[in-house]
Amino acid sequence: MTNSPQTDGITAARLDRATVAANFDDLYPDFDAHEARVAADRCYFCYDAPCITACPTAIDIPLFIRQIQAGMPDAAAHTILSQNILGSMCARVCPTETLCEGACVREAAEGNPVEIGRLQRYATDQLLLVNDHPFTRAAETGKRIAVVGAGPAGLGCAHRLAMKGHNVTIYDAHAKPGGLNEYGIAAYKAANNIAQIEVDWLMGIGGIEIVTGKALGKDLSLDSLKGEYDAVFLGMGLAGVNALGIDGAEKDGVRDAVDFIADLRQTDDLTTLPIGRHVVVIGGGMTAVDAAVQSRLLGAEHVTMVYRRGREAMAASDYELDHAATEGVKLITDAAPVAVHGNGAAREIEFGYTRSGPNGLEMTGETFRLRADNVFKAIGQTLEGAPETLSIERGKIVIDAVGKTSLAGVWAGGDCATGGEDLTVTAVAQGRDAAEDIHAALSQ
Amino acid sequence: MADLTTNFAGIKSPNPFWLASAPPTDKEYNVVRAFKAGWGGVVWKTLGSEGPPVVNVNGPRYGAIYGADRRLLGLNNIELITDRPLEINLQEIKKVKREWKDRALIVSLMVPCDEQSWIDILAHVEDTGADGVELNFGCPHGMAERGMGSAVGQVPEYIEMVTRWVKKHSRMPCIVKLTPNITDIRQPAEAAMRGGADAVSLINTINSITSVNLDSFAPEPTIDGKGAHGGYCGPAVKPIALNMVAEIARSAETAHLPISGIGGVTTWRDAAEFLALGAGSVQVCTAAMTYGFDIIKELNAGLSLWMDQKGLNSIDDVVRRAVPNVTDWKDLNLNYVTKAVINQDLCISCGRCYAACEDTSHQAIAMSPDRVFTVKDEECVACNLCVNVCPVEDCITMEQMQPGMVDPRTGEVVSDKHGDWTQHPNNPMVAAAE
């Protein structure tokens, strides 16, 4: 190996193969059976438990934990998956510290909640890894539904529709199903190909076909889908990315963080993936953290996350930010990018400090520069390919509480729709609930 | 520092902690290790008659019940009395006693119910210099099928008869070990006393099946597809043992009979409780089998420190201290009124008190939409279930209503006088007496 974290410029193989493999291994290995029982025993089986209320999919958490404690993880998995069919990925990517575990009475009592996320993962993985699908389909209805997007919302919707006996075709723009689970989440959160294993397992219900490489607005039109199917569900997420809008944004080395993460997730040998010695990530959300941390894990020497507001305004959770800090990511807040400098390729990025003024955020006038071989933009994604006939607000498809859009026969959910929190778990909930409403509509 | 030396029915030991007759006391090697660790005495594992020793199963002898994190709560065994030759046991007992004069060494015995068998074995034991004998009338498995162990302990007449033989043919202090597998523990205790026993020890193990294997559909531990009931011991049996010890201690007939308390003693606190209920020494087995002999350091240090804190100087100061407070239900003061009080600063809003009270008790806890739980005094009968299920220590307490206050549940003024069932107007026996 000739390269190291100190090698200048953008290059692959900064770390040896074994180190990279260890870096991108599972962040949290599975509980074994004994660990799971000990962790499960900490659950108080609360009355009308706050954790259930805090879960966007309203999983009966005390029940599934008691089922683990009673030595029946398969039953626990059934409890979880009947509410959230992507329970396995959600167990890995949910910000549990702000959801179920944040609501756990033991968090209030001792700052040490029941490890609900890891317990959920333990239970669901039992079924997934042996590809045992516990749900069965109702009798065929003859109804056909098109689902656009094979991400959490689309998969959640499709599975519930298939259970009801409908036939579902899922169209997805990418080469593989899974959406952000496959392309948009840090590798160490979805190690061992779990996103595809989960999709394969989910397909075990039957009645679902996935067609890849088809994007709405390019290869598909809503009108033709409406004509061809009995109902349409839109769950294609946010395919576009906000522009940086500063001088030098076109220079080599400046990329969208989502593209970097997607490339990383689709690279089998991560020692072939180039990364800069100096990396700057712009943004304050989960995507920014995932890009920054993974840059470090690939061997970037200096990685800095820069966010234009204060830490308290960042979308990334404290847990994620602490993880980033542990991995050696430097965090700078209250600074906005001004220009990227460099001769063809990025060499430095210039920031100006910000403060909140009477008319919102304003520049203080003070600037600084950071070395940057790579600049990853993680400043938000945008809706792309949505038909103009749909009512759109603030860049999202308007839906009601059960997922209906402004167009009859068209439902939507997930990141492309209003009402969610850009979380996997809310996307699954919206897909599931829309499926129930589609089923009700088609049953009339 | 508190004096832990013990004089139990004339048997002296540096502390009240003896290892019970069981696998830990089966041979010199273990017993010496125990004495080195600091145990005050041992009851040597039960000897049988001369001749070929008993044989044990060659499959599992123990089964267990676990709490969280595989904490052993109850142990079940089907091991018999010693399966080593009598002569070897006797030689070792003699040697150990000679080398450990300050420790109590009692020999447990179980031979057939004929006088000559007892004459024979007692002569052997006398020769070892042991401090006393313990008659094993307790083991409920295996030997009981042969007319020994609990088969004797379940018939007071046999207990009396054998005890009488032992006292007739030996000058050694005689402790009779009782089985809990009976209906009234006072009957066998009184029988032992009539026979001349110097003391009783209890409880021996409880008939039990620990679990059923749901693949083979056989009881566990399973020997070649079958299982037999065994003897249950460990922390799970302590409440049963405490009650039986107390029953003997507070019975006028047996109040002066020394008791060696056995059953789930795991920490110094368990031992202190047995002593307070009338035991003059305690015997330990499961805790040693679970954690090894070094627990004696915790037992001695804990008991000693607690006694210092309480100003109790000797073991005698502790023994029977709680006995006067053990009474019959009919004598409990019905005018003592308490109500549950939930400390809102400590409450973590789990709602377990609510579920327990609402589903299974007296609907005396209210739950607000924001999960604040409060006691409805007008419904609370002070059953204590909320206290028992609350995961937070001292969060829910039972607070006494002062005399003169009106109990909102009954509408009656709380009396400052003692009033129990024997005087209560609802008691038909009171009316009959008038």
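Residues numbered from 1 in each chain as written. Chains lettered and ligands numbered in written order. Predicted model: local features only at pLDDT ≥ 70, side-chain atom pairs only at ≥ 80, totals over all residues. Heavy atoms only, no water.

**Focus: the interface of chain A and chain B**
Which entries qualify depends on this criterion: Throughout, a contact is declared for two residues whenever any of their heavy atoms are within 4.5 Å. Accessible-area loss on putting two parts together, using a 1.4 Å probe and summing over both, is the definition of buried area adopted here. Any carboxyl oxygen of Asp or Glu within 4 Å of a side-chain nitrogen of Lys or Arg constitutes a salt bridge here. In protein, a polar contact means a hydrogen-donor-capable atom and an acceptor-capable atom, both N or O and within 3.5 Å, with residues adjacent in sequence counting only if both atoms are side-chain atoms; elsewhere, any N or O pair within 3.5 Å suffices. Helical segments are the DSSP runs of H or I of at least four residues, strand segments are the runs of E of at least two, and each set is numbered from the N terminus. For this scheme, ten residues count as nonpolar: Ala, Val, Leu, Ile, Met, Phe, Trp, Tyr, Cys and Pro. Four count as charged, namely Asp, Glu, Lys and Arg, and the remainder, Gly too, count as polar.
Each partner contributes residues to the interface: chain A has twelve residues there, and chain B has 13 residues. Surface buried jointly by chain A and chain B totals about 1000 Å² across both partners, of which 67% is contributed by carbon and sulfur atoms. Counting across the chain A and chain B interface gives zero salt bridges. The tally of links between chain A and chain B comes to five residue pairs in polar contact (both at pLDDT 80 or more). Of all the secondary structure elements, the ones that give two or more residues to the side of chain A that touches chain B are α2 (33-41) and α8 (105-110) of chain A. The greatest single-element share of the side of chain A that touches chain B, amounting to three residues, is contributed by α2 of chain A. Considering only residue class, the side of chain A that touches chain B consists of nine nonpolar, one polar and two charged.

**Looking at the domain arrangement of chain B**
Our working rule: An automatic or database domain assignment is the source of the domain bounds shown.
Under the domain assignment, chain B is made up of domain 1 (6-325) and domain 2 (329-433). A straight line from the C-alpha centre of domain 1 of chain B to that of domain 2 of chain B covers 40 Å.

**Focus on the sheet that holds strand β9 (residues 278-282) of chain A**
Residues and elements named next belong to chain A. Rules: Strands were regarded as paired on the criterion that DSSP finds at least two bridges between them. Think of each axis as a best-fit line through the C-alpha atoms, taken over the contacting stretch in the case of a helix, with angles from 0 to 180 degrees between the N-to-C directions.
One open sheet holds the five strands; their spatial order is β7-β15-β9-β10-β11, and the pairing between them is parallel. Sheet topology places β7 (254-256) and β11 (330-332) at the edges, where each strand pairs with a single neighbour. Averaged over all pairs of adjacent strands, the angle between strand axes in this sheet comes to 20 degrees, irrespective of strand direction. Looking at chain direction, β9 and strand β10 (residues 302-306) are connected through five bridges and run parallel. Looking at the pairing, Ile282 lines up with Val306 of β10. Packing against the sheet, helix α14 (residues 257-265) makes contact with β7 and β15 (374-377), and its axis sits at approximately 75 degrees to β7. Docked against the sheet, helix α15 (residues 286-298) engages β9, β10 and β15, running at close to 170 degrees with respect to β10.

**Focus on the side chain of Thr128 of chain B**
Residues and elements named next belong to chain B. Of note, Thr128 is situated in helix α3 (residues 115-128). A polar contact is formed between the side chain of Thr128 and the backbone nitrogen of Ala130, at a distance of 3.1 Å. Residues in contact with Thr128, not counting those within four places in the same chain, are Leu90, Ile93, Lys94 and Lys97.

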